[in-house]
Amino acid sequence: MSTGEYLSSGPRFAEGEVIERIESFRRRRPRLLDDHITLAHGAGGKASAALVDAVFMEAFTNPMLEPLGDAAVLTLPSGERIAMSTDSFVVQPRRFPGGCLGELAVHGTCNDLAMAGAVPSWISAAFVLEEGFPIAELKEIVADMAAAAATAGVAIVTGDTKVVPRGAADGLFITTTGTGVIPLGRRLSAQSVRTGDKVLLSGSMGDHGMAVMLARGDLAIEADIESDTASLSPLVELLMAAAPSTRWLRDATRGGVGTVCNELAQSCGLGVLLEEERIPLQPKVNGACELLGIDPLYVANEGKFVAVVAPDETEAGLAALRSHPLGANAAEVGEIVTEPAQGVVLRTGFGGTRIVDMLVGDPLPRIC
């Protein structure tokens, strides 16, 4: 599909203007201008990218780190390939509708490995405890982790515990590292994405972020929204069996679907065209986002992923996803296009188009 084709149905911008605007955004690589850390640096958007680029990549850069995926892919002397991922969990409140901190720590780690094509196997867990934290609550969280790990088929094999003085931490922080084996012959990368490939979303957007936001009780909004936190490895395996030429996977956590698609576009050098009317979104999540003035494209999930699949495997891939409860609402939501290169465009329900830039700021801090 050419740029002219998808702009011809009544665009918000004149033909060529979308490309020009996106090229302008692309040329302005995020730069770290702050002197101190802000909440935006943890949101997964532009500020996060600037921090990673200017601080961590400058110090640690190496071929295994440079792809900046959810997990590093490592080749063992035997030739086997494994994935390794590290994540920290600071969600507040620690219990929310549909999930809790302990489950999230296991699910998030498993999902980062699954997005690299690995089958999650082992997890380490480090706990930073604030002086005065209730032992009874700690036991509950650890039990939640154990149950989630058993369900996901992973073992928590090592860990660490540190205690800091009262006031030095907000109760409890958990850091995990996960490792999994990548099946022989499976390779996922943004570089394998091609024009004409289809973009799939495994379910509705924004459930987790909205569930956590409303659970904090700071807003006069009541809605029956539950987190979608889950281990996605079984769903990934179904997709890979049905669509073995799957190009790329990413779970839409911090920064949501909008930011994930921008990361894809920047990595593969092509464009992503999203169809607003095809994107699954619960009415109650959409309503809460409208009341709060938040674009659901940027609201986090903890049990959904974006996949890029070959055109001739799209139907089989969708059928496989929909055969599992976690993918019942999976949909084809877009396509990889040549232009605008390294940009994301949303075709709206009104027939126009708008640019979907990377997330700026942090409307929903500490959701994982």
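Details of the structure are given in the entry above.
Source: prediction; values computed, not measured. (Residues numbered from 1 in each chain as written. Predicted model: local features only at pLDDT ≥ 70, side-chain atom pairs only at ≥ 80, totals over all residues. Heavy atoms only, no water.)

Asks: Just to check I follow, could you spell out the packing of aromatic side chains for this structure?
Replies: The geometry of an aromatic ring pair is captured by two quantities: the separation of the ring centres and the angle between the planes. Inspection of every chain in the model, using the stated rule, returns one aromatic pair. Here Phe-56 and Phe-60 contribute two aromatic rings whose centre-to-centre distance is 6.5 Å and whose plane-to-plane angle is 25°, an arrangement assigned as stacked. Separated by four residues within a single helix, Phe-56 and Phe-60 lie in helix α3 (residues 46-60), roughly one turn from each other. Exposure remark for Phe-56: the relative accessible area of 38% places this residue in the partly exposed category. Under the relative-accessibility criterion, Phe-60 is labelled exposed at 52%. (Phe/Tyr/Trp six-rings, centres within 6.5 Å; stacked < 30°, edge-to-face > 60°. Helix = DSSP H or I, 4+ residues; strand = E, 2+ residues; numbered from the N terminus. Buried < 20%, exposed > 50% of the residue type's maximum accessible area, 1.4 Å probe, protein only.)

Asks: Which parts of the structure should I look at to understand the nonpolar core?
Replies: Core analysis: the largest hydrophobic core is formed by 37 residues, its most contacted members being Val-106, Leu-172, Ile-174 and Met-210. Counting only elements with at least two residues in this core, the list comes to α4 (101-115), β5 (119-130), α5 (135-152), β7 (172-182), α6 (207-215) and α9 (283-292). Two domains each provide a minimum of three residues to this core, namely domain 1 (62-182) and domain 2 (190-356). With residues up to four places along the chain from it excluded, the contact list for Leu-172 reads Arg-94, Leu-101, Phe-127, Val-128, Leu-129, Phe-133 and Ile-141. (Core = buried A, V, L, I, M, F, W, Y, C linked by side-chain atoms within 4.5 Å. Domains from an automatic or database assignment. Contact = heavy atoms within 4.5 Å.)

Asks: Is there a simple way to explain the pairing of strand β2 (residues 81-89) in this structure?
Replies: Here is the key point about a regular strand: its side chains alternate between the two faces of the sheet. Both strand β1 (residues 72-75) and β2 contribute to a ladder of four bridges, which runs antiparallel. Bridging from a neighbouring strand, Ala-72 pairs with Met-84 of β2. In terms of strand pairing, β2 meets β7 through nine bridges, oriented antiparallel. From the neighbouring strand, Ile-82 faces β7, where its bridge partner is Val-181. (Pairing = 2+ DSSP bridges.)

Asks: I would appreciate a short explanation of a nonpolar patch on the surface in the present structure.
Replies: Nonpolar side chains collect at one region of the surface, where Val-55, Phe-56 and Phe-60 lie side by side and expose about 280 Å² of accessible area between them. Among the secondary structure elements, Val-55 is positioned in helix α3. (Patch = residues over 30% accessible without salt bridge, like charges linked within 9 Å, V, L, I, M, F, W, Y side chains within 5 Å. Areas by Shrake-Rupley, 256 points an atom, 1.4 Å probe, with all protein chains shown as cover. Salt bridge = Lys/Arg side-chain N within 4 Å of Asp/Glu carboxyl O.)

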